There are 2 protein chains.
Amino acid sequence: MNKAELYANIKRKHSFLCVGLDTDLKKIPQHLLADDDPVFAFNKAIIDATADYCVAYKPNLAFYEAMGIKGLQSLDKTIAYLKANYPDQFIIADAKRGDIGNTSKMYAQSFFEQMNVDAVTIAPYMGEDSVTPFLGYDGKWVILLALTSNKGSQDFQLTTDTNGERLFEKVIRTSQQWATDENMMYVVGATQGRMFEDIRRVAPNHFLLVPGIGAQGGSLDEVCKYGMNSQCGLLVNSSRAIIYADNTENFAAAARAAAKQVADDMAKYL
Amino acid sequence: MNKAELYANIKRKHSFLCVGLDTDLKKIPQHLLADDDPVFAFNKAIIDATADYCVAYKPNLAFYEAMGIKGLQSLDKTIAYLKANYPDQFIIADAKRGDIGNTSKMYAQSFFEQMNVDAVTIAPYMGEDSVTPFLGYDGKWVILLALTSNKGSQDFQLTTDTNGERLFEKVIRTSQQWATDENMMYVVGATQGRMFEDIRRVAPNHFLLVPGIGAQGGSLDEVCKYGMNSQCGLLVNSSRAIIYADNTENFAAAARAAAKQVADDMAKYL
């Protein structure tokens, strides 16, 4: 999916919500455990309930890998279901990969050829040759970690170098030599508040993937105030607050209501 | 496996070689493709041929994930085979993971409970809460990326901050507040030469996992001269130069000879 198509979907749906499919057997409604594939059953119900109110889904690989091969089969089924039934949804594999060139090329094949998602999150620590193998797939995106939503984001990402540039700014600036706003986005945590102003100084036109509203406590108002650009430029993710809004047999309706509420809030900013 | 056991294995075998199992269907001998599980057949033959000369194996997850679920099944079989037949081998999942605490905990379960390897490589960009969920498993290790072997290591890892500290040094220094030399190692590329002196200044006692000899061109002599400590402190990895030493029916014998040659070189430094 290219940038114009993504923005068109956002305008049509009045939403820039991404629903995080962090599916955990310990947290899904217990009646689903009787299903042959409880993870897929849960994901399918969540997708059917929320698709009207979001433009993207983001399964985090960790949750599927933790269930071993069965978990990865559930993930494959989930992606196939999305592609068959909701082809306008942007699918992000939240994997935070990154390795030497030779190896990143293998990861790129996994995500863009085997799994066939639209985007994959990448960690920047290993530099250019760890990132570029993911570029050059038509309509596919790298979403590079810049300033993350967690407490540990302060350990290294905010380190200021001798040119007065912080590491997350250097990552954003340097990576623009490798890619454009048509094939790269950046992860910026919703918990970062006014730091979005600094991000927009180095990346005015890029889409930002913004985790951290909901369970992690980030504010949609601040994100929009400081982070939105003329083509929206934001995909705001919520995982736990939507998919685990309720864990009874009413879970899908509750997820739908939670997604609708976020989308209603978002519509005001568009 | 704890540090004393690892060092005992190194002394007994006169080797600190780690064999990288970066198994790629395009590169293995073509006669193996007739096997039900060519990847496992290749790994098993390589392990049987090289186990006398190494103390560790390091499958890189990218190569298995690129083959989808079948690839991960081959990896599971490989790890089970190692554990059953070579219980003194240290098994490293080269995965370069790292996510927010809630998610890193799921990855830790994958690697240390499901897959049950001895160590996993972790990217430091997201800081403390992305790393600590992997600690606290008895006898299990985090191997944190510090100064990698690839060209892109120069993009961010060498950035000097306002205290005169380079990012890789800050990563090593800061992470010692989270872990000890009994449950953390660092990745330092063999291509970094004299930089090992700087590494040893901040981490005199830690084991270092050193990729980059062989196909990537690093020098064993430099690594040992500047990086070895009183308990060896090195696991030097070679992947392609050993496992693809030959791609005819003679591949296993050629891999054995290549591993023996590296181990013979290593014995001189012990």
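The structure this text deals with has already been given above.
Report on the accompanying structure. None of the values given here were measured: they were computed from a predicted structure.

What counts, and where the lines are drawn
- Residues numbered from 1 in each chain as written.
- Chains lettered and ligands numbered in written order.
- Predicted model: local features only at pLDDT ≥ 70, side-chain atom pairs only at ≥ 80, totals over all residues.
- Heavy atoms only, no water.
- Phe/Tyr/Trp six-rings, centres within 6.5 Å; stacked < 30°, edge-to-face > 60°.
- Helix = DSSP H or I, 4+ residues; strand = E, 2+ residues; numbered from the N terminus.
- Buried < 20%, exposed > 50% of the residue type's maximum accessible area, 1.4 Å probe, protein only.
- Core = buried A, V, L, I, M, F, W, Y, C linked by side-chain atoms within 4.5 Å.
- Contact = heavy atoms within 4.5 Å.
- Least-squares fit on C-alpha atoms with pLDDT ≥ 70 in both.
- Axes fitted to C-alpha atoms, helices over the stretch in contact; angles between N-to-C directions.
- Parallel < 35°, antiparallel > 145°, perpendicular 65-115°, else oblique.
- Left-handed = near helix turned anticlockwise from the far one by under 90°.
- Pairing = 2+ DSSP bridges.

## Re the packing of aromatic side chains
Residue and element names in this part refer to chain A. Per the counting criterion, the structure on display carries 16 aromatic pairs over all chains. With a centroid separation of 6.5 Å and 90° between ring planes, the pair formed by phenylalanine 112 and phenylalanine 134 is classed as edge-to-face. Of this pair, phenylalanine 112 sits in helix H5 (residues 101-114) while phenylalanine 134 sits in the loop between helix H6 (128-131) and strand E5 (141-147), and the two are 22 residues apart along the sequence. Phenylalanine 134 gets classed as buried once you look at its relative accessible area, which sits at 0%. An aromatic cluster is present here, built from Phe40, Tyr81 and Tyr86 joined pairwise through their rings.

## Quick look at the nonpolar core
Buried together is how nonpolar side chains tend to be arranged in soluble globular proteins. The biggest cluster of nonpolar side chains holds 210 residues, and the ones touching the most others in it are A:Phe90, A:Phe111, A:Leu235, B:Phe90, B:Phe111 and B:Leu235. Residue contributions to this core peak at eight residues, all from helix H12 (residues 251-267) of chain B. Not counting residues up to four positions away in its chain, the partners in contact with A:Leu235 are A:Leu6, A:Ile10, A:Phe16, A:Val55, A:Phe90, A:Ile92, A:Met185, A:Phe207, A:Leu208, A:Leu209 and A:Val210.

## A short note on the relation of the copies chain A and chain B
When chain A is fitted to chain B, the best match, at an RMSD of 0.0 Å, comes from turning it 180° and sliding it 0.0 Å along the axis. On the angle and the small slide along the axis, the relation comes out as a two-fold axis. Using C-alpha coordinates, one finds that chain A approaches the rotation axis most closely at A:Asp161, a distance of 1.9 Å. Looking at the interface residues of chain A, 100% of them are also at the interface in chain B, so both copies use one shared face.

## Some details on unusual backbone geometry
All names here are of chain B. One non-glycine residue with positive phi stands out, namely lysine 96, at about 50°. Among the secondary structure elements, lysine 96 is positioned in strand E3 (residues 90-97). Positive phi outside glycine occurs at asparagine 116, with the angle close to 60°. By the element assignment, asparagine 116 lies in the loop between helix H5 (101-114) and strand E4 (119-122). The exposure class of asparagine 116 is partly exposed, given its relative accessible area of 30%.

## What about the packing of helix H2 (residues 38-50) of chain A against helix H12 (residues 251-267) of chain A?
Residues and elements named next belong to chain A. Between H2 and H12, the shortest axis-to-axis distance is 8 Å and the interhelical angle comes to 40°. Considering the angle they form, H2 stands oblique to H12. Relative to H12, the crossing made by H2 is right-handed. Within the contact between the two elements, H2 uses Phe42, Ala45, Ile46, Asp48, Ala49 and Thr50 and H12 uses Phe251, Ala252, Ala255, Arg256 and Ala259.

## What to know about the sheet that holds strand E7 (residues 208-210) of chain A
Note: strands within a sheet are paired through backbone hydrogen bonds, in either parallel or antiparallel orientation. Residues and elements named next belong to chain A. Reading around the barrel, the eight strands line up as E1-E2-E3-E4-E5-E6-E7-E8 and close back on themselves, with parallel pairing between neighbours. Shown here is a sheet whose adjacent strand axes are inclined to one another by a mean of 30°, direction ignored. When strand E6 (residues 184-188) meets E7, the two strands line up parallel, connected through two bridges. When the bridges of E7 are listed, valine 187 appears paired with leucine 209. Across the face of the sheet, helix H1 (residues 3-13) comes into contact with strand E3 (90-97), E5, E6 and strand E8 (234-238) while running at roughly 60° to E8. Contacting E3, strand E4 (119-122) and E5, H5 crosses the sheet at an angle of about 160° to E3.

## A short note on the sheet that holds E4(B)
All names here are of chain B. Spatially, the eight strands close up into a barrel ordered E1-E2-E3-E4-E5-E6-E7-E8, and their pairing is parallel. Within this sheet the neighbouring strands show an average axis-to-axis angle of 30°, counted without direction. One ladder, built from three bridges, connects strand E1 (residues 17-21) with strand E8 (residues 234-238); its direction is parallel. Considered in E8, the bridge of cysteine 18 is made with asparagine 237. Across the sheet, helix H1 (residues 3-13) lies against E3, strand E5 (141-147), strand E6 (184-188) and E8, angled at about 60° from E8, the strand it touches most. Across the sheet, helix H10 (residues 220-227) touches strand E7 (208-210) and E8, and the angle it forms with E8 is around 165°.

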